[in-house]
Amino acid sequence: MRGGALVLAASLLAATAAQARPLRVLSLDQCADQYVLAIAPDADLFLSPRADDPDSRLAWAALAYPQVRPTLETAVGVRPDVVVRTWGGEPRLLAALARRGARIVDVPDATEMAEIRTNIRSVAAALDRDAAGARIVARMDARLAQAAHPPAPGRTALYLTSGGFTAGQGTLIDSILRAAGFANLAGLTGFGAVSVERIALEPPRRFLLGFFDQVRADWRGVGRHPVIQTATRGRVAAALPASVLTCPAWFAADAAVMLSRGQGAS
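It should be emphasised that the depicted structure is a prediction, and the values quoted were computed from it without experimental measurement. (Residues numbered from 1 in each chain as written. Predicted model: local features only at pLDDT ≥ 70, side-chain atom pairs only at ≥ 80, totals over all residues. Heavy atoms only, no water.)

Caption draft 1: Structural context of the side chain of S56. Summarising the element assignment, S56 is placed in the loop between β2 (44-46) and α3 (59-62). Side chain to side chain, S56 and Q34 meet in a polar contact 2.9 Å long. Ignoring any residue separated from it by four or fewer positions in sequence, one finds S56 in contact with Q30, Q34, R50, A51 and S243. (Helix = DSSP H or I, 4+ residues; strand = E, 2+ residues; numbered from the N terminus. Polar contact = N/O pair within 3.5 Å; in protein donor to acceptor, adjacent residues only side chain to side chain. Contact = heavy atoms within 4.5 Å.)

Caption draft 2: Representation of the sheet that holds strand β10 (residues 236-240) within the structure. Taken together, the 4 strands give an open sheet; going across it, the order is β7-β5-β9-β10, and neighbouring strands pair in parallel fashion. Every interior strand has two partners, whereas the edge strands, β7 (183-184) and β10, have only one. Alignment of strand β5 (residues 156-161) against strand β9 (residues 207-210), held across 4 bridges, turns out to be parallel. Of the residues in β9, the one forming a bridge with Y159 is L208. Those strands touched by helix α11 (residues 252-261) are β9 and β10, and its axis lies near 150 degrees from that of β10. (Pairing = 2+ DSSP bridges. Axes fitted to C-alpha atoms, helices over the stretch in contact; angles between N-to-C directions.)

Caption draft 3: Unusual backbone geometry, seen in detail. Phi at D128 is positive, roughly 60 degrees, even though this residue is not glycine. Considering the arrangement of structural elements, one finds D128 in the loop between α6 (113-126) and α7 (130-147). At F211, a position not held by glycine, the phi torsion is positive, near 70 degrees. Summarising the element assignment, F211 is placed in the loop between β9 and α10 (226-232).

Caption draft 4: Highlighting the state of the cysteines. On inspection of all chains with the given rule, the structure shows 1 disulfide. Residue pairing for C31: its cysteine sulfur links by disulfide to C247, the two sulfurs lying 2.2 Å apart. With the S-S dihedral at roughly -90 degrees, the linkage between C31 and C247 falls on the left-handed side. Of the two residues, C31 is situated in helix α2 (residues 30-39) and C247 in the loop between β10 and α11; the sequence distance between them amounts to 216 residues. (Disulfide = S-S within 2.5 Å.)

Caption draft 5: Broad picture of the layout of surface pockets. Approximately 420 Å³ is the volume found for the largest pocket. Lining of the largest pocket is provided by 24 residues; of these, L172, I173, F191, L245 and T246 occupy positions nearest its centre. Counting residues per element, the ones that place at least two in the lining of the largest pocket are β5, β6 (165-167) and α8 (172-179). Sorting elements by how many residues they give to the lining of the largest pocket places α8 first, with 3 residues. (1 Å grid on protein atoms, 1.4 Å probe; cavity = no way out; pocket = protein on both sides within 12 Å on 5 of 7 lines; lining within 4 Å. Points joined across faces, edges and corners; volume = space filled by probe spheres on them.)

Caption draft 6: Seen up close, the packing of aromatic side chains. Scanning the model with the defined rule gives 2 aromatic pairs in all. Both rings, one in Y35 and one in W250, keep their centres 5.1 Å apart while their planes meet at 85 degrees; by these two values the pair is edge-to-face. On the criterion of sequence distance, the pair formed by Y35 in helix α2 and W250 in the loop between β10 and α11 is long-range, its members being 215 residues apart. For the pair shown, Y35 and W250 are each scored as buried. (Phe/Tyr/Trp six-rings, centres within 6.5 Å; stacked < 30°, edge-to-face > 60°. Buried < 20%, exposed > 50% of the residue type's maximum accessible area, 1.4 Å probe, protein only.)

So this is what it looks like as structure tokens:
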């Protein structure tokens, strides 16, 4: 009887300890990193290898947490309660995590601010951090209010990346442009390439530049062509850093503020 009581007591202590430990969260890609860092910084976070890359919006915050490769060995070692992903994690890994009791939270792509709000609330609910999610949504809405500008004739811009691509309707870039009161000159749906000839013959009134801060990326891309450099001179509405563009998250509102205020304009 004494032995049985000891076993029961040990079991109860183990169960209590398991319940008391912080939530353990595994993030499988850079975009998921942003969500878990902002929503549940008090949890035991295990981030992706790209969490502290220069194009990570919360790279500074990622330094406080371990970064792990998204492998089955990692899953066994970490034993996460919740797994958050946007595009990371191959199907076998996700299936193995689910078999081990982890809750898989998918963060879908977003092309509108309303979809970002939905994603924030969904991840916050999965991490039992509804209040944190509400604060992030409120901050995002406050930033959008700061960016708001009534559309006006001639308030137009063409988005251009260093690689020579633009973004039209049905993209988050289009939503950012609209939030700052700009009409999108891309003239397409989705993403597409921009030719040097088009810019040379019909230079737009204003450019919204993206990813040009990544000096080692696309350094020979169309966007860095001398003809385009000449065409953009004095016509840049704003230059957005990669950190506000790599993931569809609340900092899209920060991008709208940068555009509205002409950050990096020339």
